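Take a look at the letters that make up each chain.
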Amino acid sequence: MSIIENPNGQPIAADLLEKLRRVSYPTLGHFHERGFVDSGIRSHLHGSKIVGRAVTVHIPGIDSSLMHRAVALVEPGDVLVVSTGGDRRHAPVGEVVAYAAKVAGASAILIDGVMTDVVEVARIGIPVFARGTSLLTTKLLGIAQGGVNVSVVIGDVAVSAGDIILADDNGVLAISAREAAELIDTALDSDANEGKLLRKLDEGVPLPDVTIANRVLADALGLVDSNVQ
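Here is a short report on the structure shown in this document. As the structure is a prediction and not an experimental result, all values here were calculated from the model.

Moving on, we get to the pattern of salt bridges. Summed over all chains, the structure comprises nine salt bridges. Here aspartate 78 and arginine 53 are joined by a salt bridge, their closest N and O atoms 3.0 Å apart. With aspartate 78 in the loop between helix H3 (65–73) and strand S4 (79–83) and arginine 53 in strand S3 (residues 50–58), this residue pair connects regions lying 25 residues apart in the sequence. The buried category is assigned to aspartate 78, whose relative accessible area is 3%. With a closest N to O distance of 2.6 Å, arginine 131 and aspartate 112 form a salt bridge.

What follows is the structure, encoded as structure tokens:
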């Protein structure tokens, strides 16, 4: 048995961070398929929009000793990403851990598992994304397994230290900085164009004419006319 502890990943570049704060996260889903976390993991503080660097921790189920070490590595804006090894009964995050993460400047906590002290955590004001709540908590047992800033799997998505976590009431996306940089300008352009689409709908233009649906279907059917019959 052993414990692995790695340093934090690279900070998010300032220009990319500024763009990610502006984009509508569901827009990214129009242009990307990977990294979207299982929808069972949801925010317990509604109205939050989160972007931050992942600080990851893998704990061996019932033992959350490494959680405390991971919190100590959190820097302002980071998202603490917690893998519980498949345990969905024991809550590794409650009032004290959430408060410590908040004091450290964490923007959110993401757990593939459950949380506790939901009222107190909401009062602290740190968004926690989890599968639910529980009265049963983890313990400080010192089991020599797991790691900090190691690759983890959260909601069927692989997350590495330094990945970018984007999360709001709609869900969670874990994405590399490279992929985010490749997508962001296209997504922002799409956001900017959305108002024009809505205005056309107000003018009575049918949805498939407002979007590219007619053209896509015409191409698929080998039709010359974009109006699919």
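A word on the pairing of S3. Remark: a regular strand shows side chains that alternate across the two faces of the sheet. Burial analysis of S3 places eight of its nine residues in the buried class, the great majority of the element. Looking at chain direction, S3 and strand S12 (residues 164–168) are connected through four bridges and run antiparallel. Considered in S12, the bridge of glycine 52 is made with isoleucine 165. Looking at chain direction, S3 and S4 are connected through five bridges and run parallel. The residue of S4 that forms the bridge with alanine 54 is valine 79.

The next subject is the side chain of arginine 53. Judged by its relative accessible area of 6%, arginine 53 falls in the buried class. Only 2.6 Å separates the side chain of arginine 53 from the backbone oxygen of glycine 9, close enough to count as a polar contact. Non-local contacts of arginine 53, meaning those with residues more than four positions away in its chain, are made with Asn8, Gly9, Gln10, Pro11, Ile12, Glu75, Gly77, Asp78, Val79, Gly162 and Asp163.

In total, this model carries zero aromatic pairs according to the counting rule given. One cation-aromatic arrangement involves lysine 49 over tyrosine 25; the distance from NZ or CZ to the ring centre is 4.8 Å.

At a minimum axis distance of 10 Å, the contact between helix H1 (residues 14–22) and helix H6 (residues 177–202) shows a crossing angle of 50°. One element, H1, and the other, H6, form an angle in the oblique class. Pair H1 / H6 crosses with left-handed handedness. Contact residues: H1 offers Leu16, Lys19, Leu20 and Arg22, while H6 offers Ala177, Ala180, Ala181, Ile184, Asp185 and Leu188. Of the residues contributing to the contact of H1 with H6, the split by class is seven nonpolar, no polar and three charged.

Each value, and the rule that gives it
Residues numbered from 1 in each chain as written. Predicted model: local features only at pLDDT ≥ 70, side-chain atom pairs only at ≥ 80, totals over all residues. Heavy atoms only, no water. Salt bridge = Lys/Arg side-chain N within 4 Å of Asp/Glu carboxyl O. Helix = DSSP H or I, 4+ residues; strand = E, 2+ residues; numbered from the N terminus. Buried < 20%, exposed > 50% of the residue type's maximum accessible area, 1.4 Å probe, protein only. Pairing = 2+ DSSP bridges. Polar contact = N/O pair within 3.5 Å; in protein donor to acceptor, adjacent residues only side chain to side chain. Contact = heavy atoms within 4.5 Å. Phe/Tyr/Trp six-rings, centres within 6.5 Å; stacked < 30°, edge-to-face > 60°. Lys NZ or Arg CZ within 6 Å of the ring centre and 35° of its normal. Axes fitted to C-alpha atoms, helices over the stretch in contact; angles between N-to-C directions. Parallel < 35°, antiparallel > 145°, perpendicular 65-115°, else oblique. Left-handed = near helix turned anticlockwise from the far one by under 90°. Nonpolar A, V, L, I, M, F, W, Y, C, P; charged D, E, K, R; others polar.

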